[in-house]
Every structure is written in C-alpha cells, then in structure tokens.
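Residue-level structural notes
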Amino acid sequence: MTLASGASWLFAALTLLSAAPDVPHATPSPRAAHPLDGPDVDLRVQVTASKVTLHAIFNLAFLDELMPMVREDEYALAVPEQPALRERMFAWLKLNSTLSIDGVAVTPTLAAFDVDPGDPRWLPMFPTMGSKALIKARFELEYKALQAPRTVSLVWKAYPPSLVMSTPERKVFNEVLTLLTAGGTEQVIPLRHDEPEFTWHAPADGTAVRLLPVPMPVREYPVSLSTPTIVGLLFALAAVTWGVLRARWLRPARVVLASLAILGAAVAYRQFEPWLRGRTELPTAQEAVAIFAPLHANVYRAFDYTEPAEVYDALARSVDGSLLDTVYNDVYRSLVMAEEGGAVSRVKEVRPMQHDIERVGVLGDGRTPSFTVNARWQVDGAVFHWGHQHWRTNEHRARYTVIATEAGWRIAGAEPLAQERVESGPGFEKPAATEGRK
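These remarks concern the structure in this document. (Residues numbered from 1 in each chain as written. Predicted model: local features only at pLDDT ≥ 70, side-chain atom pairs only at ≥ 80, totals over all residues. Heavy atoms only, no water.)

So, on to a nonpolar patch on the surface. Where nonpolar side chains cluster on the molecular surface, the patch consists of Leu-282, Val-360 and Val-362 and spans about 210 Å² of accessible area. Relative to the elements of secondary structure, Val-362 occurs in strand S14 (residues 343-362). Its relative accessible area of 40% is what places Val-362 among the partly exposed residues. (Patch = residues over 30% accessible without salt bridge, like charges linked within 9 Å, V, L, I, M, F, W, Y side chains within 5 Å. Areas by Shrake-Rupley, 256 points an atom, 1.4 Å probe, with all protein chains shown as cover. Salt bridge = Lys/Arg side-chain N within 4 Å of Asp/Glu carboxyl O. Helix = DSSP H or I, 4+ residues; strand = E, 2+ residues; numbered from the N terminus. Buried < 20%, exposed > 50% of the residue type's maximum accessible area, 1.4 Å probe, protein only.)

Put into structure tokens, the structure is as follows:
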C-alpha cells in the first residue's frame, strides 16, 4: 500500500461519519439519524469581536417541559400560537440562562425566531412523542460587546429530562453538548444540570493554540566547530585564493589553481557537512510513544480551526509532504459535505488504547530516522445535526510510519488494520445524565 492510498481510509475516519451524511429529506434510517424520541435541545455559541450569539433549538416536547401552554392541538404548534411561545420563551431564557462578557452580565436581544414543522416522513421514528419530538423552535439571541470579548461565561439551565433513566421518584437530566465557536476554533463544551456553567478565555495573543507540543528530533554532533573557527578557516581560504590570484609568478596557472582551491573547498564541505549539521538520534521505544501520541492527537485537533488556511497549516505540523494534500482534502471535504447534509461532527476526545513500537531505524535512503507504531485508539465525537446532538465512539487500529524532517517529526504513512463503531446513539443517556430537581 502506498502512503497516499492509505491516507484516504485513515483520515476519512476522523470525521466520525462512517455512515452516510444525515440528510432530513433522505429515506429515514434510525441508524443514520439517531433521532431522540423525547425532550431535546441543540445549543451553539459563537463569539466574535462585536457580539456573542447563542443559537438554541428546542423541540416541542422540551418546550412543554419548560413552560406548558394550552394549544389547539397538543401535537402541533399553529402559526397564531407561535408569537406567544416566542415571547414567553425569550423571557424565560433571559431570566434563567445568563451570559456575561468580561464579567458583566449582558441582556440579549432576540435576533431571530422560527419554527420548523419537520418532515412528516420522520414520524415513525418517534413512537413515544410523535410530532412533539419532530417540531423544532429556534431562538437566536445576541449579546452585544463594547469591545472584543476577553472572557465569556454562560450559565445554562435548560436540561432535557431523560425518559430512559428518570423514574417517578427522581428525575434525571441529560447533558447538553454545546458547540462553541470562538478564537478561530470550534470545540465541544459539555454542560450538565449539576455543572451548568462554562467560561471561555480569549488567547493572550489573539490566536487559539489547539495543538499539543511534540518533542523535536534530537541531534548529535560528532565534530563541533565553533563559529570563530569556521570564520577563521573561511578567511584563510579567501586569503590563499587572493594570494594565488595576485602572485605574478603564478599568473599563467592562477585560474587553474583558483579552480582547484574552490573545488577542494567544495569537496571538503561535502564531506564534513553532515558532521557539522549533526545527525538525528534514534528514539527509544518510550521516546517514540511520547512523540507519536501528541502528533496523532494533533491530526484531529487541526480540524478544530474554522479557517481552511489555519486547518491546513495546523495539519502540516503533523503530516509530511505528499501525504498532506490528500489528508487535508479528504477530511475537510468530508466535513463540509456533512455540514451541507445537516450534520456537523466534532471530536470531543481522542483516547489512546495501545501503542506498540514495532521498528526504530532509518528509511531506505540510509539517512532518514523513522519508527513504526501499531496504534489502537478510540474517538468520541459529538454529532450536531437536524436540531439535536448525539455522540459516537469509534475504535481504530492502524500502523503508522513516522519520520524525522527538518521541521520535526511527521506522519509519513499509514496502513489501516481495523475500524469499528463502539457506541452510537442519543448522546445524553450515558454517564452524561445527572440527578436533580427541575
């Protein structure tokens, strides 16, 4: 398998969308859609230089939990009933979920409100709630900032009750996975009924650094020449050459002698250049693991950035040369296509399971240090689509080739070994659920 052919499989897995993109107008498929037949909310927060925008999408089942209202049809939300819902829910949000910018609580304005009746072809997926789980109401709240925010704190108090884990004696709440877009990156923030607050801090230099530090190749120098010594040798060579050119008695042969002097200097430099530049030490097995772990994690973290150029630059710090374009195009195209289909997948956690160093040595060129690692890892991903969120956990095994370059250690090849879905489903029935009083 060539490096490029292995890349497509390997990095397509990073999107966590091994099934077809979730498109509401496609034939309903429970495995692809993972609809939540119960109260649900989709929460996203975007921080810009002038404001913070909060997008919250509630299904009708959850709105009835928060503020029951009499409707002509319990399983519908008629157009004349929507203004009353908009005003009551906006007032509820202002009172119960507060947002502060730089330590100051800010009163929001309602920038947008709309109701999506949903596609009736999805109704068979909601045997418990019916159309109450299908109908969605979207609220867009804007919080104006006097200057570029340095900190943003949100206290969120709307947590859907878990129909699976709740009992008549106690109510259990699902966590809300919040997609935060700020500082040029996207990340998933889990909010819980018992931990309802998060605070975002702007990076000190204005640039969010999501990549983990990777140890640099260690060089050894068998021969060490100080800078004064090198400068002295260059001056001596220049003086000899100048003397040869100036000597009258050597005038007939000065061109030949000068050429020989230059050729000799070039040959000497060619012989000693590797010694002067040093050579990269081969890592121990333990050191190879310490190199590979952050390098591998950074491949996923590169796609936390929101600008394509930043994604590409971040990825280039983990992936080498000819593999880079393939990796970037495959993963980024997959993410964009998923979003166009209504799904957004974001990595929540990369969990190494096993790292076996199989070989440490040099490549066939006899100069490039490298090592091979047989890796097994799991990826927890939050999938945001169609007005709700759910989690997926995939497990992968692959054999990687890592090489030392002038810029540092880079992944130069990958051979897929195994891939499987470990867990998948509505993401809030797991350890995410917490007990509490409504």
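It is worth spelling out the sheet that holds strand S11 (residues 197-201) at this point. Judged by pairing direction, the sheet is antiparallel, and its 4 strands sit side by side in the order S4-S3-S7-S11 without closing on themselves. On the outer flanks of this sheet lie strand S4 (104-105) and S11, each paired with one strand and no other. Relative to strand S7 (residues 151-155), strand S3 (residues 98-101) runs antiparallel, the two being bridged by 4 bridges. Note on S7: the bridge partner recorded for Leu-99 is Leu-154. (Pairing = 2+ DSSP bridges.)

Turning our eyes to something else, we now look at the pattern of salt bridges. If you walk through the whole model with that rule in mind, you get 17 salt bridges. Between Arg-71 and Asp-64 there is a salt bridge, with the nearest N and O atoms lying 2.7 Å from each other. Judged on exposure class, the residue Arg-71 and its partner Asp-64 are both buried. Its salt-bridge partner being Asp-194, residue Arg-192 comes within 3.2 Å of it at the nearest N-O pair.

Spatial strand order, S5-S6-S2-S1-S9-S10: 6 strands in an open sheet with mixed pairing. For this open sheet the edge positions go to strand S5 (109-116) and strand S10 (185-191), each flanked by a neighbour on one side alone. Neighbour-to-neighbour, the strand axes of this sheet turn through a mean angle of 15°, independent of strand direction. Examined bridge by bridge, S5 and strand S6 (residues 136-144) share 7 bridges and lie antiparallel to one another. Counterpart to Leu-110 in the pairing with S6 is Leu-141. (Axes fitted to C-alpha atoms, helices over the stretch in contact; angles between N-to-C directions.)

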